[in-house]
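Chain residues, written in single-letter form:
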There are 4 protein chains.
Amino acid sequence: MKRRKLRVGMVGGGGGGSFFGAPHRRAILMDNSAELTAGALRSDPAEALAAAEELFFERGYGSWSDLIAGEAARGDDDRIDYLTIVTPNDAHAGPAEAAAAVGIGVLCEKPLTITLDEARRLYAVVQDAEVPFVVAHTYTGYPMVMLARRFVRDGLIGEVRKIEAWYPQGWLASRREDEGSKQASWRVDPARAGVSGCGGDIGSHAYEFIRFVAGLRAVRVSARMKSVVPGRALDDDFAAFAELDNGAIATVSASQIDIGAENDNGFRVIGAAGTLQWRHARFARLEHFVADRPVAVYRAGADYGYVPESIRPYLRMPQGHPEGFHEALANLHRTIEWTVRGRRGEEAPRPFEHPGIVDGVAVMAFLEASVASAREGGAWVDVPFGG
Amino acid sequence: MKRRKLRVGMVGGGGGGSFFGAPHRRAILMDNSAELTAGALRSDPAEALAAAEELFFERGYGSWSDLIAGEAARGDDDRIDYLTIVTPNDAHAGPAEAAAAVGIGVLCEKPLTITLDEARRLYAVVQDAEVPFVVAHTYTGYPMVMLARRFVRDGLIGEVRKIEAWYPQGWLASRREDEGSKQASWRVDPARAGVSGCGGDIGSHAYEFIRFVAGLRAVRVSARMKSVVPGRALDDDFAAFAELDNGAIATVSASQIDIGAENDNGFRVIGAAGTLQWRHARFARLEHFVADRPVAVYRAGADYGYVPESIRPYLRMPQGHPEGFHEALANLHRTIEWTVRGRRGEEAPRPFEHPGIVDGVAVMAFLEASVASAREGGAWVDVPFGG
Amino acid sequence: MKRRKLRVGMVGGGGGGSFFGAPHRRAILMDNSAELTAGALRSDPAEALAAAEELFFERGYGSWSDLIAGEAARGDDDRIDYLTIVTPNDAHAGPAEAAAAVGIGVLCEKPLTITLDEARRLYAVVQDAEVPFVVAHTYTGYPMVMLARRFVRDGLIGEVRKIEAWYPQGWLASRREDEGSKQASWRVDPARAGVSGCGGDIGSHAYEFIRFVAGLRAVRVSARMKSVVPGRALDDDFAAFAELDNGAIATVSASQIDIGAENDNGFRVIGAAGTLQWRHARFARLEHFVADRPVAVYRAGADYGYVPESIRPYLRMPQGHPEGFHEALANLHRTIEWTVRGRRGEEAPRPFEHPGIVDGVAVMAFLEASVASAREGGAWVDVPFGG
Amino acid sequence: MKRRKLRVGMVGGGGGGSFFGAPHRRAILMDNSAELTAGALRSDPAEALAAAEELFFERGYGSWSDLIAGEAARGDDDRIDYLTIVTPNDAHAGPAEAAAAVGIGVLCEKPLTITLDEARRLYAVVQDAEVPFVVAHTYTGYPMVMLARRFVRDGLIGEVRKIEAWYPQGWLASRREDEGSKQASWRVDPARAGVSGCGGDIGSHAYEFIRFVAGLRAVRVSARMKSVVPGRALDDDFAAFAELDNGAIATVSASQIDIGAENDNGFRVIGAAGTLQWRHARFARLEHFVADRPVAVYRAGADYGYVPESIRPYLRMPQGHPEGFHEALANLHRTIEWTVRGRRGEEAPRPFEHPGIVDGVAVMAFLEASVASAREGGAWVDVPFGG
């Protein structure tokens with residue numbers, strides 16, 4: 001029997017100034033295994049309906065609550081299989097919670113919410129509903145990042161001693177928010193972005209590298225946050241020291257005022273027996289260092305024998321055909337898709353352990369502890385369990 | 001009025017061992033502007049129909065001739081808008097000619113055909129039918145390659161003096177054709193691949209860089225072709241000197257036995273006033289050298305002010321979000337899509353000057369002259385007009 | 001009249017396990033403008049005399065005090081022109097102070113001393129004696145680092161907002177000090193290395209980048225220092241946040257347990273109008289980023305027109321002839337040599353503003369403040385003036 | 001007993017416009033094991049004497065013949081141990097032959113002579129005199145190039161199938177010879193440079209990589225040489241296909257009109273079991289590729305365990321301290337020095353197999369065959385034994 005395409009819903013991402021709606025749609029469509037079924041793509045109901053029509057969604061809704069209600073009313077063989085949430089941070093929890101409550105899985109943009117409390121409430125619902133949940137830490141979708149996780153797990157570098165994780169950008173080095181940039185406007189607004197600007201938007205990715213790649217979490221944090229560009233309410237530069245649960249140390253740094261920096265995020269995980277490094281600017285490579293040995297450079301490609309079976313299905317092409325940002329994002333959609341299919345008994349590759357609801361909460365815990373630390377001049381602040 | 005999705009047909013690309021069917025489908029689907037309408041995806045009719053069903057094509061056909069006939073019989077508001085041809089080289093000309101003859105545009109894999117004669121016949125039909133025609137020199141779809149073309153045209157490096165173009169691979173360094181690799185099998189078979197193995201498969205891309213980026217063509221060629229791995233009928237290593245129509249010199253080199261090489265194709269165009277270099281391994285960068293000046297490194301990103309209006313629509317994302325192979329291929333589909341839409345009076349960006357039927361013929365002329373030269377030990381052989 | 005070679009003295013650097021004696025001798029000799037005149041190369045008097053003989057010093061001494069006394073007794077036309085100090089940290093101040101007191105200039109290894117108090121005493125003597133004094137922050141001898149300083153001074157990147165400076169190594173990831181490594185032994189010993197191990201040995205270089213390149217200094221510091229490898233008295237991993245005197249923020253990080261890291265120290269200086277980055281692994285390049293412009297990569301070479309006159313004499317070769325670590329070190333010797341010659345009225349290029357006694361004291365102030373901060377869990381500690 | 005410094009002579013290299021005199025002097029002096037003893041540094045006798053005085057040579061001579069005669073007249077314990085020849089190409093054979101004839105070893109700049117006949121005569125004398133002889137293919141002095149040779153010898157990449165060797169420059173892209181550049185003037189003059197300009201000056205280095213690294217030689221060559229810049233008698237762009245003695249193929253390319261190219265010479269040696277690549281721009285790295293394995297990147301450093309004993313003495317510093325062009329050149333001086341010392345029974349490391357007189361002749365044979373081929377439009381021409 002023919003496998004059907006998955007039905008995907010989307011909240012947000014339909015405005016002219018939207019940044020991540022289009023890449024999510026590409027990620028959903030590119031693998032010919034899912035379709036755009038239901039959309040509540042803008043906050044204005046009329047615009048939302050028009051956008052859904054314009055963007056070829058099968059069903060348009062005027063609001064996310066309509067969407068959830070409408071889909072919930074449909075039968076299992078008709079309603080959406082999961083919901084993609086691409087709204088600004090303050091509008092994640094609402095639709096996520098509502099979707100989970102009616103048994104619909106969620107792929108949600110990061111950071112999960114605007115406060116830790118909100119994240120915890122969402123967590124409770126999601127746990128209760130037992131729905132699949134993926135947080136869009138897109139960089140964990142790069143196969144070489146996944147390979148790094150595999151290697152650390154397999155003990156390739158021994159006990160982890162230190163981690164550096166970073167995410168530099170330069171696009172907010174001037175007051176873009178005054179120039180009509182919608183992307184800039186909500187990101188510098190505490191009401192919409194949450195407790196942290198730079199830390200929340202991209203420091204969150206850097207911190208998640210620590211959790212995802214090394215399987216560790218911060219227990220204490222000492223953070224410095226600064227609004228470098230005058231007149232901003234939120235940080236546009238973020239740096240934190242962290243103590244991890246195995247006693248290792250970590251630095252998490254992120255900036256939005258680093259002119260010329262082009263999202264070259266990455267990590268360096270230093271163990272007692274070796275080091276692993278990955279950086280976005282050379283996303284198809286993973287470097288492995290061992291004392292007194294040549295550097296081993298692993299390169300991406302579905303045909304490389306060293307790619308483990310757990311990662312191979314996430315590579316579409318053999319070596320030498322770079323799969324970039326869209327494919328990384330599409331890999332997160334693969335994970336929720338394969339989870340959904342697997343639960344139904346359909347044949348599907350085993351989904352990888354991509355960031356889920358626990359990571360979403362943990363990142364919020366890390367952010368709130370960082371904000372508390374920064375307010376006290378960098379005093380060490382405990383990160384609640386889950387951080 | 002809502003813009004409809006383009007209807008795309010596909011010939012070939014449906015087998016389990018097919019390499020390029022899937023990336024073309026991703027390229028077609030990812031931008032949410034086209035759909036898989038008609039497919040004749042395998043040579044066996046029953047398998048072809050099953051594959052079309054399996055891969056969500058709206059209409060399956062048992063053969064390409066059925067497809068052309070079936071689509072031709074439909075009205076303008078229903079039949080496919082263009083045909084993608086992803087078969088081995090010997091099966092390009094048939095469907096391409098048939099499609100053109102009934103007024104359907106074509107995006108065809110390279111090299112265009114297996115002989116120059118065949119290419120010329122196809123050219124005549126396409127010219128006569130005045131249908132859009134794109135040859136899938138995928139690397140010309142990378143925006144930084146397009147920018148290089150723009151820069152040369154704008155005189156940035158002065159008169160071109162020398163061009164180096166290259167394409168190294170290592171996957172045929174051992175006898176993959178004996179290990180059940182379908183990709184290897186047809187590529188080493190003269191009946192299916194044509195007059196040249198390595199030269200045709202990837203030397204063609206290198207040569208096209210000369211035409212596309214510099215707007216020049218070979219008038220004479222001195223080539224060396226070798227079957228390094230014993231027992232092969234076709235070349236697995238290719239190198240040529242060429243004299244270009246403006247008097248400049250060029251080298252075109254390609255290899256399939258270069259172990260460790262991962263499609264790091266590229267070009268270096270040397271002018272009297274500067275040099276431009278691009279390489280696939282760093283596809284998001286274009287380097288510009290001028291004597292006694294710092295190197296200028298242009299990076300890809302829709303938000304960079306130096307990206308000209310003719311190229312901007314081909315960039316989906318702002319800086320720092322790498323768009324790789326699939327997006328480059330999708331850009332060729334954009335070109336034919338926008339050509340089709342433009343001709344119908346729909347609003348669409350101006351299509352870029354991607355390789356078309358003339359380039360397809362020219363590459364075949366270059367290949368046949370190269371083969372003739374190599375047979376005579378590298379004697380200089382004229383490349384017929386169009387080379 | 002023929003210019004004579006400068007007469008150079010050396011204290012330390014003659015033992016079998018000595019690391020920096022040999023590179024200093026190469027740096028002194030390579031430019032054919034100076035000679036090895038007087039040496040007290042080891043702590044044991046007999047070995048010191050033997051080493052001086054073995055290493056072709058004109059005059060051997062049994063101790064640094066003998067050397068200073070002996071040279072002081074000679075006439076101006078015979079005694080050494082400056083003294084190079086290559087001993088472990090605890091043996092810098094003695095010979096440096098003695099040399100200065102008798103009017104002999106000094107090129108001293110870093111960090112200047114083992115305590116700030118010691119540094120201040122030395123400063124007083126040097127100021128009083130008005131002798132030339134250079135601290136061997138070798139990386140400031142790389143012409144592209146010098147060019148970065150020039151560019152910041154010239155306002156190329158506007159007001160500095162943030163600086164990242166780093167120095168990673170991996171050689172102390174295991175207990176080398178137990179394996180008979182002399183280099184390791186004294187560096188992990190507080191009595192010989194001073195208040196900080198990793199911070200003093202290499203964090204000092206990173207911090208000096210901030211002073212040298214940006215002309216800024218830390219006013220407050222929050223530091224984290226850790227002995228990662230069990231059983232060490234001093235830090236082998238160091239990280240600090242600093243607040244600079246113009247209000248900018250900085251991070252200074254250094255590690256000796258970062259397996260695979262090969263001294264790839266460097267800096268990223270982020271201004272309101274652009275960014276400059278240099279890293280040791282690509283020492284012949286300086287990258288300049290400006291929003292919405294291609295990256296400008298300046299490359300080293302005496303023939304490049306963009307090299308200012310103040311730097312050109314420090315480049316020995318035209319472009320494409322990499323001058324590495326020895327030449328960088330030799331450039332510091334050039335600075336003291338040209339200072340000496342200039343003061344005598346000999347013709348010599350104008351010496352560059354390489355790190356001197358003030359920098360030496362400032363680095364010690366930074367280190368002591370960092371230690372104090374680290375002891376209090378990263379509390380912010382003021383850096384005394386001079387930091 | 002104390003080892004004495006070696007006494008080194010030099011012919012040429014003393015003029016204001018001289019390029020290679022100074023680096024050779026640095027190479028001789030930097031290791032504190034040799035001294036500048038006898039110099040005939042300019043063609044005008046008075047200037048030659050003045051230059052020797054100015055540059056601290058112990059003995060000045062008015063001409064190379066005076067130098068040879070003068071030194072020959074001295075006793076073994078006084079005369080120079082070897083002669084460095086840094087003149088333009090037409091003035092190599094004279095002093096080299098004379099020195100050899102009186103039993104003095106020679107380190108000679110490349111190419112060896114201006115004709116193959118001249119090279120053969122010199123070869124006969126050198127063979128007869130059994131003196132040490134090194135040809136200054138400086139790039140073979142880089143330890144990672146030496147390691148490549150070792151690896152190929154040890155069978156790491158299996159039978160060599162193909163070699164690419166290259167040397168691009170851009171400094172003659174305009175008529176520097178009209179702007180008073182001495183370096184340019186003699187290099188474009190057949191009387192001084194010999195049969196080939198670009199091929200002789202730098203193509204020679206590229207070809208020597210094939211001999212040195214792979215231990216192979218050209219048996220046939222098909223070459224293209226061009227004077228791109230109008231009005232030149234000699235080639236400023238060179239490219240050749242070669243057939244090697246084991247049946248492998250090779251390309252040798254060199255250019256002087258490649259704007260922006262900074263001596264990024266290198267090689268890629270492709271075997272049946274792997275590939276080795278080195279390039280000057282990343283001189284401290286050697287890359288080793290094996291199918292289906294991570295790339296192994298070997299880095300330079302005296303402390304790396306994988307550096308064989310035959311190469312270790314040529315590394316002065318541990319990892320992370322880049323030794324560049326001067327050290328590579330100094331390594332060739334080490335080879336002749338250690339050969340001289342070894343022959344005398346002094347303790348010295350075993351000299352490496354750096355290019356000698358046979359290589360010098362072989363390169364000339366390759367060049368003359370290339371010129372003959374280029375004159376006949378690239379016809380295949382046999383390279384005489386020795387090529």
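Here the structure is a predicted model, which is why all the values come from computation and not from measurement.

(A) Looking closely at the overall build of chain A. Scanning chain A from N- to C-terminus turns up eleven helices and 15 strands. Taken over the C-alpha trace, chain A has a radius of gyration of 20 Å; the compact-globule value for 387 residues is 21 Å, and the two agree within 12%. Along the first, second and third principal axes, the C-alpha atoms of chain A reach 60 × 55 × 40 Å. Accessible surface, chain A as shown: approximately 12,200 Å² in total, 49% of it carbon and sulfur. Within chain A, the 51 negative side-chain charges are centred at a point lying 4 Å from the centre of the 44 positive side-chain charges.

(B) Highlighting helix H4 (residues 93–101) of chain D. Three or more residues of H4(D) are buried, namely D:Ala93, D:Pro95, D:Ala96, D:Ala99 and D:Ala100. Contacts made by the buried residues of H4(D) are with strand S1 (6–11), helix H3 (64–72), strand S4 (82–85), strand S5 (105–108), helix H5 (116–129) and strand S6 (133–135) of chain D.

(C) Here's a closer look at the interface of chain B and chain A. Taken together, the contact pairs 41 residues of chain B with 42 residues of chain A. Taken over both partners, the interface formed by chain B and chain A buries close to 3,600 Å², and the fraction arising from carbon and sulfur atoms is 57%. Note that A:Arg26 is salt-bridged to B:Asp31, the shortest N-O span being 3.3 Å. Across the chain B-chain A interface, the total number found is 18 residue pairs in polar contact (both at pLDDT 80 or more).

(D) Focus on the side chain of B:Arg334. Residues and elements named next belong to chain B. Structurally, the position occupied by Arg334 is in helix H10 (residues 325–343). Accessibility expressed as a relative area gives 12% for Arg334, which makes it buried. A polar atom in the side chain of Arg334 sits 3.1 Å from the side chain of Asp31.

(E) Here's a closer look at the pattern of salt bridges. Summed over all chains, the structure comprises 144 salt bridges over all chains. Salt bridges sharing common partners tie together A:Arg4, A:Asp81, A:Glu337, A:Arg341, A:Arg344 and A:Glu346.

(F) Highlighting the packing of aromatic side chains. Residue and element names in this part refer to chain A. Within the structure shown, the criterion is met by 76 aromatic pairs over all chains. Centroid distance Phe209 to Phe267: 5.1 Å. Interplanar angle 55 degrees. Geometry classified as tilted. Placement of Phe209 in helix H9 (residues 198–214) and of Phe267 in strand S11 (residues 266–271) is noted, with a sequence separation of 58 residues between them. Exposure remark for Phe209: the relative accessible area of 2% places this residue in the buried category.

(G) Region of the structure containing the sheet that holds strand S4 (residues 82–85) of chain B. All names here are of chain B. Taking strand neighbours across the sheet as the criterion, the six strands line up as S3-S2-S1-S4-S5-S6 in an open arrangement whose pairing is parallel. Strand pairing shows two members of the sheet lacking a second neighbour, strand S3 (59–60) and strand S6 (133–135), which therefore form its edges. This element, helix H3 (residues 64–72), spans strand S1 (6–11), strand S2 (34–40), S3 and S4 of the sheet and lies at about 125 degrees to S2.

(H) Fine view of the sheet that holds strand S4 (residues 82–85) of chain A. All names here are of chain A. Taken together, six strands build an open sheet; the order of strands is S3-S2-S1-S4-S5-S6 and the sheet is parallel. Two strands in the sheet have a free side with no partner beyond their single neighbour: strand S3 (59–60) and strand S6 (133–135). Where strand S5 (residues 105–108) lies against S6, three bridges are found, and the strand directions are parallel. Bridge pairing in S6 places Leu107 opposite Val134.

(I) Broad picture of the interface of chain D and chain B. Each partner contributes residues to the interface: chain D has 34 residues there, and chain B has 34 residues. Taken together, the two surfaces of chain D and chain B that pack against each other cover about 2,700 Å², and 56% of this comes from carbon and sulfur. Summed over the three residues of chain D that lose the most area to chain B, namely D:Arg161, D:Phe241 and D:Ile259, the buried surface amounts to 26% of that side. For the pair chain D and chain B, the interface holds four salt bridges. Close ionic contact of D:Lys162 with B:Asp237 constitutes a salt bridge, the shortest N to O distance being 2.7 Å.

(J) Seen up close, the confidence of the model for chain A. The pLDDT averaged across chain A works out to 96; a share of 99% of its residues lies at or above 70. Scored as a whole, the predicted complex attains pTM 0.97, and scored at its interfaces, ipTM 0.97.

(K) Geometry of the side chain of C:Asn89. Residue and element names in this part refer to chain C. Looking at where Asn89 falls in the secondary structure, it is placed in the loop between strand S4 (82–85) and helix H4 (93–101). Looking at Asn89, the relative accessible area reads 2%, which means it is buried. Within the structure, Asn89 has its side chain in polar contact with the backbone oxygen of Ala193 (distance 2.8 Å). Ignoring sequence-local partners within four residues, the contact set of Asn89 consists of Lys110, Pro111, Thr113, Ile114, Trp186, Arg192 and Ala193.

(L) Region of interest: the relation of the copies chain B and chain A. When chain B is brought onto chain A, the operation consists of a screw motion whose angular component is 180 degrees and whose axial shift is 0.0 Å, with 0.0 Å RMSD remaining. Here the symmetry operator amounts to a two-fold rotation axis. Closest approach to the rotation axis within chain B is made by the C-alpha atom of B:Met30, at a distance of 2.2 Å.

(M) Highlighting helix H9 (residues 198–214) of chain D. All names here are of chain D. Look at H9: 23 Å from first C-alpha to last across 17 residues, which is about the 24 Å you get at 1.5 Å a residue. Helix geometry: H9 is bent most strongly at Ser204, by close to 45 degrees. Within H9, 17 of the 17 residues are buried, leaving the element largely enclosed by the surrounding structure.

(N) Structural detail: the pairing of strand S2 (residues 34–40) of chain A. Residue and element names in this part refer to chain A. Of all seven residues in S2, six are buried; the element is thus mostly enclosed. Between the parallel elements strand S1 (residues 6–11) and S2, the chain passes through helix H1 (residues 21–29) in a crossover that is right-handed. Pairing between S2 and S3: two bridges, direction parallel. Across the sheet, the residue bridging to Gly39 is Gly60, located in S3.

(O) Focus on the relation of the copies chain D and chain B. Aligned on chain B, chain D shows an RMSD of 0.0 Å; the corresponding rotation is 180 degrees and the shift along the axis is 0.0 Å. Counting the interface residues of chain D, we find that 100% of their copies in chain B are interface residues as well, pointing to one common contact surface.

(P) Structural detail: the pairing of S4(B). Residues and elements named next belong to chain B. Because side chains alternate across S4, one face comprises the buried residues Tyr82 and Thr84, and the other comprises Leu83 and Ile85, equally buried. Where S1 meets S4, four bridges bridge the pair, whose relative direction is parallel. Paired with Met10 across the two strands is Thr84, which belongs to S4. Chirality of the crossover, the property in question, places the unit of S4, helix H4 (residues 93–101) and strand S5 (residues 105–108) among those that are right-handed.

(Q) Representation of the environment of A:Ala206 within the structure. All names here are of chain A. Within the element layout of this structure, Ala206 appears in helix H9. Residue classification places Ala206 among the buried residues on the basis of a relative accessible area of 0%. For the pair Ala206 and Leu55, spaced 151 residues apart in sequence, the C-alpha separation works out to 32 Å. Sequence-distant contacts of Ala206, defined by excluding residues within four places in its chain, comprise Ala165, Trp166, Tyr167, Val252 and Ser253.

(R) Structural detail: the nonpolar core. Judged by nonpolar contacts, the single largest core of 223 residues is most densely connected at C:Leu112, C:Phe133, C:Trp278, D:Leu112, D:Phe133 and D:Trp278. With 222 residues, the next largest nonpolar core counts A:Phe20, A:Phe212, A:Ala250 and B:Ala165 among its residues.

(S) Molecular detail of the state of the cysteines. Residues and elements named next belong to chain A. Tallied over the entire structure, the rule returns zero disulfides over all chains. As a non-bridged cysteine, Cys198 has Cys108 as the owner of its nearest cysteine sulfur, 20 Å distant. Note on Cys198: relative accessible area 0%, which makes it buried.

(T) Looking closely at the packing of H4(B) against helix H5 (residues 116–129) of chain B. All names here are of chain B. Direction vectors running N to C along H4 and H5 enclose 15 degrees, while the axes themselves pass 8 Å from each other. As judged from the angle between their axes, H4 and H5 are roughly parallel. For the element pair H4 and H5, the recorded crossing hand is left-handed. Contact residues: H4 offers Ala93, Ala96, Glu97, Ala100 and Ala101, while H5 offers Glu118, Leu122, Val125, Val126 and Ala129. For the contact of H4 with H5, the per-class residue count stands at eight nonpolar, no polar and two charged.

The rules behind each value
Residues numbered from 1 in each chain as written. Chains lettered and ligands numbered in written order. Predicted model: local features only at pLDDT ≥ 70, side-chain atom pairs only at ≥ 80, totals over all residues. Heavy atoms only, no water. Helix = DSSP H or I, 4+ residues; strand = E, 2+ residues; numbered from the N terminus. Rg over C-alpha atoms; globule rule 2.2 N^0.38 Å. Areas by Shrake-Rupley, 256 points an atom, 1.4 Å probe, with all protein chains shown as cover. Lys, Arg positive; Asp, Glu negative; His and termini not counted. Charge placed at Lys NZ, Arg CZ, Asp CG, Glu CD. Buried < 20%, exposed > 50% of the residue type's maximum accessible area, 1.4 Å probe, protein only. Contact = heavy atoms within 4.5 Å. Buried area = accessible area lost by both parts, 1.4 Å probe. Salt bridge = Lys/Arg side-chain N within 4 Å of Asp/Glu carboxyl O. Polar contact = N/O pair within 3.5 Å; in protein donor to acceptor, adjacent residues only side chain to side chain. Phe/Tyr/Trp six-rings, centres within 6.5 Å; stacked < 30°, edge-to-face > 60°. Pairing = 2+ DSSP bridges. Axes fitted to C-alpha atoms, helices over the stretch in contact; angles between N-to-C directions. pLDDT = per-residue confidence, 0-100. Least-squares fit on C-alpha atoms with pLDDT ≥ 70 in both. Expected span 1.5 Å × (residues − 1). Bend = angle between axes of the 7 residues up to and from the residue. Right-handed = clockwise from strand over helix to strand, strands pointing away. Core = buried A, V, L, I, M, F, W, Y, C linked by side-chain atoms within 4.5 Å. Disulfide = S-S within 2.5 Å. Parallel < 35°, antiparallel > 145°, perpendicular 65-115°, else oblique. Left-handed = near helix turned anticlockwise from the far one by under 90°. Nonpolar A, V, L, I, M, F, W, Y, C, P; charged D, E, K, R; others polar.

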